[in-house]
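Understanding the architecture of this molecule
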Amino acid sequence: MTENDSTDRLLLDAMLGKLTTYLRMCGYDAAYILDEGGEWGREPGNDPSDDEILAQVEASDRTLVTRDVELATRATDAVLLSTRDVKDQLREVRDAGYALTLDDPPTRCSACNGELRPVDAAESLPAYAPDPAETDCWRCRSCGQVFWKGSHWDDVTATLEEL
């Protein structure tokens, strides 16, 4: 893989929440096993067993991304990471063949993995969001969160460039 491939469907285990956010911002369909009420309807504190994770990987046709050696060896398709630091994890993902560039325009919600849609200039937004007539904004089709290219976008861009 040399570019972000929309067919890359990933499932990240419980140890990789921050990495999940980066991968979503890079356009990957990156499900996180601990997303509350997400694809598998998890409730807080109800962590899945390894067997449940493997069943979800197979049922959803995803590649498992994990730091768990035993779990990775049991999966049909897995990326095994060895570090706890998110920047080092990003390097390992890149070295596994995944492109790490921000999707421009953004396509995935960093909070829930839903698809983003452009916000119309006349659409009303929450008070915290910029005016969509002046700044391009996107809204998640699933959770409704609003995104724009602000300081967080710049921070993630800088982190990816450091790699």
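Look above for the structure.
Predicted, not measured: the structure shown is a model, and the values here were computed from it. (Residues numbered from 1 in each chain as written. Predicted model: local features only at pLDDT ≥ 70, side-chain atom pairs only at ≥ 80, totals over all residues. Heavy atoms only, no water.)

Before going further, it helps to spend a moment on the side chain of Asp-103. Following the sequence through the fold, Asp-103 ends up in the loop between α4 (86-95) and β5 (116-118). There is no salt bridge for the buried Asp-103, and the closest opposite charge comes from Arg-108, which lies 7.0 Å off by N-O distance. A distance of 2.5 Å separates the side chain of Asp-103 from the side chain of Thr-107, its partner in a polar contact. (Helix = DSSP H or I, 4+ residues; strand = E, 2+ residues; numbered from the N terminus. Buried < 20%, exposed > 50% of the residue type's maximum accessible area, 1.4 Å probe, protein only. Lys, Arg positive; Asp, Glu negative; His and termini not counted. Salt bridge = Lys/Arg side-chain N within 4 Å of Asp/Glu carboxyl O. Polar contact = N/O pair within 3.5 Å; in protein donor to acceptor, adjacent residues only side chain to side chain.)

Okay, the packing of helix α1 (residues 17-25) against α4 next. In the contact formed by α1 and α4, the axes pass within 10 Å of each other and the chain directions differ by 55°. Considered as vectors, α1 and α4 are oriented oblique to each other. Every pair of crossing elements has a handedness; the one defined by α1 and α4 is right-handed. Touching Lys-18, Leu-19, Tyr-22 and Leu-23 of α1 are Val-86, Gln-89, Leu-90 and Val-93, all from α4. The residue inventory of the contact of α1 with α4, partitioned by class, reads 6 nonpolar, 1 polar and 1 charged. (Axes fitted to C-alpha atoms, helices over the stretch in contact; angles between N-to-C directions. Parallel < 35°, antiparallel > 145°, perpendicular 65-115°, else oblique. Left-handed = near helix turned anticlockwise from the far one by under 90°. Contact = heavy atoms within 4.5 Å. Nonpolar A, V, L, I, M, F, W, Y, C, P; charged D, E, K, R; others polar.)

In spatial order, the strands read β2-β1-β3-β4; together these 4 strands make up an open sheet with parallel pairing. At either end of the open sheet lies a strand with only one pairing partner, and these are β2 (29-32) and β4 (78-80). Along the sheet, successive strands turn relative to each other by an average axial angle of 25°, direction set aside. By the bridge criterion, 3 bridges tie strand β1 (residues 9-12) to strand β3 (residues 63-66) in an arrangement that is parallel. By the bridge assignment for β3, Leu-11 is matched with Leu-64. Taken strand by strand, α1 contacts β1, β2 and β3, and its axis lies near 160° from that of β2. (Pairing = 2+ DSSP bridges.)

By volume, the largest pocket amounts to about 230 Å³. Classifying every residue of the lining of the largest pocket by side-chain character gives 7 nonpolar, 5 polar and 3 charged. (1 Å grid on protein atoms, 1.4 Å probe; cavity = no way out; pocket = protein on both sides within 12 Å on 5 of 7 lines; lining within 4 Å. Points joined across faces, edges and corners; volume = space filled by probe spheres on them.)

Taken together, the 3 strands give an open sheet; going across it, the order is β5-β6-β7, and neighbouring strands pair in antiparallel fashion. This sheet does not close on itself; its edge strands, each paired only once, are β5 and β7 (146-148). The average undirected angle you get between the axes of adjacent strands in this sheet is 35°. One ladder, built from 3 bridges, connects β5 with strand β6 (residues 137-140); its direction is antiparallel. Bridging across to β6, Arg-117 finds its partner in Arg-139.

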